[in-house]
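# Summary of structural features
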Amino acid sequence: MKCKQIYIEFSRLSEYLKSFALLLARLAVAYGFYEPAMMKWGDIASVSGWFASMGIPFPTLNAYMAASTEIVGVILLTLGLLTRFISLPLIVVMIVAIVTVHLPNGFSAGDNGYEIPLYYMLFLLIFVSHGAGKFSLDRLFFGEKN
């Protein structure tokens, strides 16, 4: 019985880390999107050509959409603003990246597989389900549960 009480107390205390963990996760995911977003914006024509070579329809439009979604995602995740909302299109970007680029390479990140985009998707799903936490503009603007 003592083991159960210790675990319950540990669980109660670890709740205090939830918002800090969400903050660190948001910042890590935002940082992960930053470089790809800047690379796309740095040479959108090359990205459009790359998308066309993979058979992605409307490659220029999709290059702009992916780059815009990523850079807006970086900003909003960093601020913790509209976190649940921006996580959804970022999940779509990750699904497209997995299907078009990473899936043929298998799971391993070392082989350019889908491991890292999958982890980003899982983090983004956590943001959809748990929000941004206390250390966010969502909490300031939208209240306790956001």
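Quick look at the structure, then. All values derive from a computational prediction rather than experimental measurement.

## A short note on the pattern of salt bridges
Under the criterion given, the structure shown has 2 salt bridges. Here Glu 70 and Lys 40 are joined by a salt bridge, their closest N and O atoms 3.1 Å apart. Taken together, the residues Glu 70 in helix α4 (residues 59–79) and Lys 40 in helix α2 (residues 18–42) connect sequence positions 30 residues apart. Comparing Glu 70 with Lys 40 shows no difference in burial state: the two are buried.

## Quick word on the nonpolar core
Membership of the largest hydrophobic core comes to 19 residues, with the highest contact counts inside it found for Val 29, Phe 33, Leu 77, Leu 90, Met 94, Leu 124 and Phe 127. Broken down by secondary-structure element, the contributors of at least two residues to this core are α2, α4, α5 (83–102) and α6 (115–130). Residue contributions to this core peak at 7 residues, all from α5. Once you skip the residues sitting within four places of it in the chain, Leu 77 turns out to touch Arg 26, Val 29, Ala 30, Thr 83, Ile 86, Ser 87, Leu 90, Leu 124 and Phe 127. Ile 44, Ile 56, Ala 66 and Ala 67 belong to the second largest nonpolar core, which has 7 residues in total.

## Description of the environment of Gly 55
Note on placement: Gly 55 falls in the loop between α3 (44–53) and α4. Gly 55 sits 45 residues away from Thr 100 along the chain, and the two C-alpha atoms are 9.0 Å apart.

How each quantity is defined
- Residues numbered from 1 in each chain as written.
- Predicted model: local features only at pLDDT ≥ 70, side-chain atom pairs only at ≥ 80, totals over all residues.
- Heavy atoms only, no water.
- Salt bridge = Lys/Arg side-chain N within 4 Å of Asp/Glu carboxyl O.
- Helix = DSSP H or I, 4+ residues; strand = E, 2+ residues; numbered from the N terminus.
- Buried < 20%, exposed > 50% of the residue type's maximum accessible area, 1.4 Å probe, protein only.
- Core = buried A, V, L, I, M, F, W, Y, C linked by side-chain atoms within 4.5 Å.
- Contact = heavy atoms within 4.5 Å.

Read these as spatial facts, not as claims about activity.
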